[in-house]
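# Structural characterization, general
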Amino acid sequence: MSELKKKINYTVVCVNEFADRHHLSPKEAFDYLYAHKGIEFIKENYDIEHTLSFDDAVDDLTLICRNNGGEY
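Attention here is on the structure that accompanies the text.

Reading guide: rules and limits
- Residues numbered from 1 in each chain as written.
- Predicted model: local features only at pLDDT ≥ 70, side-chain atom pairs only at ≥ 80, totals over all residues.
- Heavy atoms only, no water.
- Patch = residues over 30% accessible without salt bridge, like charges linked within 9 Å, V, L, I, M, F, W, Y side chains within 5 Å.
- Areas by Shrake-Rupley, 256 points an atom, 1.4 Å probe, with all protein chains shown as cover.
- Salt bridge = Lys/Arg side-chain N within 4 Å of Asp/Glu carboxyl O.
- Helix = DSSP H or I, 4+ residues; strand = E, 2+ residues; numbered from the N terminus.
- Axes fitted to C-alpha atoms, helices over the stretch in contact; angles between N-to-C directions.
- Parallel < 35°, antiparallel > 145°, perpendicular 65-115°, else oblique.
- Left-handed = near helix turned anticlockwise from the far one by under 90°.
- Contact = heavy atoms within 4.5 Å.
- Nonpolar A, V, L, I, M, F, W, Y, C, P; charged D, E, K, R; others polar.

## Some details on a nonpolar patch on the surface
On the surface, a cluster of nonpolar side chains totalling about 280 Å² of accessible area is made up of Leu 4, Ile 8 and Val 12. Its place among the elements puts Ile 8 in helix 1 (residues 3-21).

## A word on the packing of helix 3 (residues 38-49) against helix 4 (residues 54-67)
The geometry of helix 3 relative to helix 4 is characterised by a closest axis approach of 11 Å and an angle of 140° between their N-to-C directions. Taken together, the axes of helix 3 and helix 4 lie oblique to each other. Taken as a pair, helix 3 and helix 4 cross one another with a handedness that is right-handed. Between helix 3, through Gly 38, Phe 41, Ile 42 and Glu 49, and helix 4, the contact on the second element is made entirely by Ala 57, Asp 60, Leu 61, Ile 64 and Cys 65. Its residues assigned to classes, the contact of helix 3 with helix 4 comprises six nonpolar, one polar and two charged.

What is shown is where atoms sit, not what they do.
In structure tokens, the structure reads:
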């Protein structure tokens, strides 16, 4: 599998895990993460983030979004 496909798959799973934790639809989660720089964070830090558990990745996304004006 190409590196781009791996990054896309990882991003999709992170969005879905974030949606589950925060009781959002996947679309709502993606829009929220995009607006509060979570998607940008995943893209910029994929090399490190993909080595962590999804729980840790969602914790990181939650923190990044809060630091960028998000509520959760």
